[in-house]
Amino acid sequence: MSHAIIDADSDVLEPTLQSILDQRSLRWIFVGGKGGVGKTTTSCSLAIQLARVRRSVLLISTDPAHNLSDAFSQKFGKEARLIEGFTNLSAMEIDPNGSIQELLAGQADDGNEAAAGMGGMMQDLAFAIPGIDEAMSFAEVLKQVKSLSYETIIFDTAPTGHTLRFLQFPSVLEKALAKISQLSTQFGPMLNGIMGGQLPNGANLPEMMEKLESLRETIAEVNTQFKDPDLTTFVCVCIPEFLSLYETERMIQELAGYSIDTHCIVVNQLLFPKKGSECEQCNARRKMQRKYLEQIEELYDEFNVVKMPLLVEEVRGKEKLEKFSEMLVKPFVPPQGAE
């Protein structure tokens, strides 16, 4: 792949994430993988390394489990907040399933049948268009992020097969706009007569359409950036086991379908038992891991494959994350006497 660094002495791509640090043009970096493979630890560690070579970095979690707060032992929320101990690294946690009803409907007054009917219609609209909820909240975040001047933004994504669903959001919102436009043409005069043009909860139809349209523009613009390999890349995180390998391959196929660059895979939780170790489980697991690691290296010979050891303690807090992050840029060397 064009951006990966090639070792001068061999055809094997460098087994680190250094190529991401060196690619100054990168603005959006996604980190994804199944739950429990060390995705958040990897995204936090990559953010720490990037903060050393970038003016400002923002780490966003779109995972409803919100593990960033746990990883840094600091509470984050919907607003970007500086991570303690850093001057140029901030984090925020957002729920990608924000509620569109807040924007479109609200509860109608019981006494007003027309208002209640309109509220119901808006609710139907919300449910009629798949992914609109997610689209709205993601668009709001992107709008906020665009107005902030971070040099690089890292997304710690939710561990689902729909990591990239937001790429369909512009068309989702276009459908929503068309539907609302149709509703306002159909019911506008009636609403004006009955409620003075006001939707339930005081929402105003033209204003609402304007808001949706500006969100759609934001996403369409960012979507173009996501498909540009100079601006965006996706880091796949996995462990050397069948299900994780299967999920990774599915994710890479999906990324290719969306024209999103990916050239880095982080393989976590590798075991390195000491030579002559009598721990049956360790040796059996190491043998299994070796098999899958070989498959990963064979399948993804055009990727930077980063091998990370299974640690004896959890990677939590700034110091441990910093230590872990070093191994993303300097290949891990197994201890003396390890197989």
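What you are looking at is a predicted structure, and each value in this text was computed from that prediction instead of being measured. (Residues numbered from 1 in each chain as written. Predicted model: local features only at pLDDT ≥ 70, side-chain atom pairs only at ≥ 80, totals over all residues. Heavy atoms only, no water.)

**With respect to the environment of Asn67**
Next up, step 1: Positionally, Asn67 belongs in the loop between strand 2 (57–61) and helix 3 (68–72).
Next up, step 2: Along the backbone, Asn67 and Cys44 are 23 residues apart, and their C-alpha atoms lie at a distance of 10.0 Å.
Next up, step 3: Residue contacts for Asn67: discarding those within four places in its chain leaves Thr40 and Glu93. (Helix = DSSP H or I, 4+ residues; strand = E, 2+ residues; numbered from the N terminus. Contact = heavy atoms within 4.5 Å.)

**What to know about the sheet that holds strand 8 (residues 304–309)**
Next up, step 1: Overall, mixed pairing links the eight strands, which are arranged 3-4-2-5-1-6-7-8 in an open sheet. One side of each edge strand has no neighbouring strand; the edge strands of this open sheet are strand 3 (81–82) and strand 8.
Next up, step 2: When strand 1 (residues 28–32) meets strand 6 (residues 232–238), the two strands line up parallel, connected through five bridges. Directly across from Trp28, in strand 6, lies its bridge partner Thr232.
Next up, step 3: Each of strand 1, strand 6 and strand 7 (264–270) is contacted by helix 9 (residues 242–257), which is oriented at about 165° to strand 6, the strand it contacts most. (Pairing = 2+ DSSP bridges. Axes fitted to C-alpha atoms, helices over the stretch in contact; angles between N-to-C directions.)

**A word on the packing of helix 2 (residues 39–53) against helix 11 (residues 318–329)**
Next up, step 1: Running from N to C, helix 2 and helix 11 cross one another at 80°; their axes reach a closest spacing of 8 Å. Relative to helix 11, helix 2 is oriented roughly perpendicular. In this structure, helix 2 contributes Thr41, Thr42, Cys44, Ser45, Leu46, Ile48, Gln49 and Arg52 to the contact, and helix 11 contributes Leu321, Glu322, Phe324, Ser325, Glu326, Leu328 and Val329.
Next up, step 2: Class assignment of the residues belonging to the contact of helix 2 with helix 11 gives a composition of seven nonpolar, five polar and three charged. (Parallel < 35°, antiparallel > 145°, perpendicular 65-115°, else oblique. Nonpolar A, V, L, I, M, F, W, Y, C, P; charged D, E, K, R; others polar.)

**Points about helix 2**
Next up, step 1: Between its first and last C-alpha atoms helix 2 spans 22 Å; for 15 residues at 1.5 Å apiece the expected length is 21 Å, and the two agree.
Next up, step 2: Counting buried residues in helix 2 gives twelve out of 15 residues, a clear majority hidden from the surface.
Next up, step 3: Along helix 2, the residues classified as buried are Lys39, Thr40, Thr42, Ser43, Cys44, Ser45, Leu46, Ala47, Ile48, Gln49, Leu50 and Ala51. (Expected span 1.5 Å × (residues − 1). Buried < 20%, exposed > 50% of the residue type's maximum accessible area, 1.4 Å probe, protein only.)

**Description of the UniProt feature "binding site: Zn(2+)" (unreviewed entry) in the protein**
Next up, step 1: Mapped onto this numbering, the UniProt entry annotates "binding site: Zn(2+)" (unreviewed entry) at Cys279 and Cys282.
Next up, step 2: Take Cys279: its relative accessible area is 27%, and that puts it in the partly exposed class.
Next up, step 3: Mapped onto the elements, Cys282 comes out in helix 10 (residues 280–299).
Next up, step 4: Excluding residues that lie within four positions of it along the chain, Cys282 makes contacts with Leu271 and Pro273. (UniProt positions renumbered as here; feature names shortened; annotations may be inferred.)

**Overview of the environment of Leu17**
Next up, step 1: Within the fold, Leu17 resides in the segment before helix 1 (18–22).
Next up, step 2: Of the residues examined, Leu17 reaches a relative accessible area of 0% and is grouped as buried.
Next up, step 3: Each C-alpha atom, one on Leu17 and one on Val306, is 7.1 Å from the other, the two residues being 289 residues apart in sequence.
Next up, step 4: Beyond its immediate stretch of four places on either side in the chain, Leu17 contacts Leu46, Val235, Cys264, Val266, Val306 and Leu328.

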